[in-house]
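Report on the structure
Here's the letter readout for the chains.
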Amino acid sequence: MKEAHRVMGATNMTALVPYIMVPLITLGFVVFALPWFIHGIDSGHTQVEVASFSEGPVELESRNVLVHGGQFLVEEALQIETTNDGRTSVEWAIPIVPADWSAGDPVHLVLKTHELSMQEAASLDPEAGVEGVVRNVLWEGLADDEAAYFKNNLGLSIADDVIEVEYQADTKMELFMGLGMVGFVFVVMVVVSVVVARKQR
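Presented here is an overview of the structure given in this document. (Residues numbered from 1 in each chain as written. Predicted model: local features only at pLDDT ≥ 70, side-chain atom pairs only at ≥ 80, totals over all residues. Heavy atoms only, no water.)

Another point: unusual backbone geometry. If you check the backbone angles, Leu-138 has positive phi at about 55 degrees while not being a glycine. When you line up the elements, Leu-138 lands in the loop between β7 (130-134) and α4 (144-154). Residues other than glycine seldom take positive phi values, yet Gln-168 does so here, at roughly 60 degrees. Tracing the backbone shows Gln-168 in the loop between β8 (157-166) and α5 (171-199). (Helix = DSSP H or I, 4+ residues; strand = E, 2+ residues; numbered from the N terminus.)

Written out as structure tokens, the structure is:
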């Protein structure tokens, strides 16, 4: 086959595949992990009032925030169960609204947290402030089915620009996971490409 390509003066496209695969597949994983990278290198911190999210887009100096001056809508909290390999994990999505919020007003902020102990739950005080990470990078944010459940089953008006804040998010671990994943994929693709290239000789 290689000799035929030489005679015909044609380019062996198969031989170019390894050089295309490595950057494309690695780039795909970089894009997948991009939110982890962006959050992981964010070393800042800012405080923001819950009411400010109701006033339009909020310019944040950092996505690591302490949101304060609000109240939980405990009765409208959504329990989310996820089963994987027979193990069930529980998360909660809890609307946070300003102190002067009234039924029917839009909800602009939702706190997402893993299942908490009674002591952990009691320590959360949205009036004094709750630490979290704003999840608004690329595709991040409140899932469409969760927003729909709030609207259709709990009767809440969820704003189109609703912001999800994740409580106790480990962004540094996400950064290391992203770097490790991309590095591993890159090495694997290089090895595969070398093997394929040798077979083309």
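Negative charge collects at one region of the surface, where Glu-49, Glu-55, Asp-125 and Glu-127 lie side by side. Judged by relative accessible area, which is 33%, Asp-125 ranks as partly exposed. (Patch = residues over 30% accessible without salt bridge, like charges linked within 9 Å, V, L, I, M, F, W, Y side chains within 5 Å. Areas by Shrake-Rupley, 256 points an atom, 1.4 Å probe, with all protein chains shown as cover. Salt bridge = Lys/Arg side-chain N within 4 Å of Asp/Glu carboxyl O. Lys, Arg positive; Asp, Glu negative; His and termini not counted. Charge placed at Lys NZ, Arg CZ, Asp CG, Glu CD. Buried < 20%, exposed > 50% of the residue type's maximum accessible area, 1.4 Å probe, protein only.)

The next subject is the packing of aromatic side chains. What characterises a pair of aromatic rings is the spacing of the ring centres plus the angle enclosed by the ring planes. Scanning the entire structure with this criterion turns up 1 aromatic pair. Between Phe-32 and Trp-36, the aromatic rings sit 5.9 Å apart at their centres with planes inclined by 70 degrees, giving edge-to-face as the arrangement. Of this pair, Phe-32 and Trp-36 both sit in helix α2 (residues 13-40), 4 residues apart, which is roughly one turn of the helix. Accessibility expressed as a relative area gives 21% for Trp-36, which makes it partly exposed. (Phe/Tyr/Trp six-rings, centres within 6.5 Å; stacked < 30°, edge-to-face > 60°.)

Overall, the coordinates contain 5 salt bridges when judged by the stated rule. Put simply, Glu-140 and Arg-135 hold a salt bridge, and the shortest N to O gap is 3.2 Å. A network of salt bridges, in which partner residues are shared, links Arg-135, Glu-140, Glu-166 and Glu-174.

This next bit is on the nonpolar core. Core analysis: the biggest nonpolar cluster contains 16 residues, and Val-67, Phe-72, Ile-96, Leu-109, Leu-111, Val-130 and Val-165 have the highest contact counts within it. Those elements that provide at least two residues to this core are β2 (64-68), β5 (87-98), β6 (106-114), β7 and β8. Formed by 14 residues, the second largest nonpolar core is a distinct cluster that contains Leu-73, Trp-101, Val-110 and Ile-158. (Core = buried A, V, L, I, M, F, W, Y, C linked by side-chain atoms within 4.5 Å.)

Let us look at the environment of Phe-176. Mapped onto the secondary structure, Phe-176 falls in helix α5. Separated by 139 residues in the primary sequence, Phe-176 and Phe-37 have C-alpha atoms spaced 8.6 Å apart.

Turning our attention to a nonpolar patch on the surface. A surface patch of nonpolar side chains, amounting to about 460 Å² of accessible area, comprises Phe-186, Val-187, Val-190, Val-191, Val-194 and Val-195. Mapped onto the elements, Val-191 comes out in helix α5. Looking at Val-191, the relative accessible area reads 48%, which means it is partly exposed.

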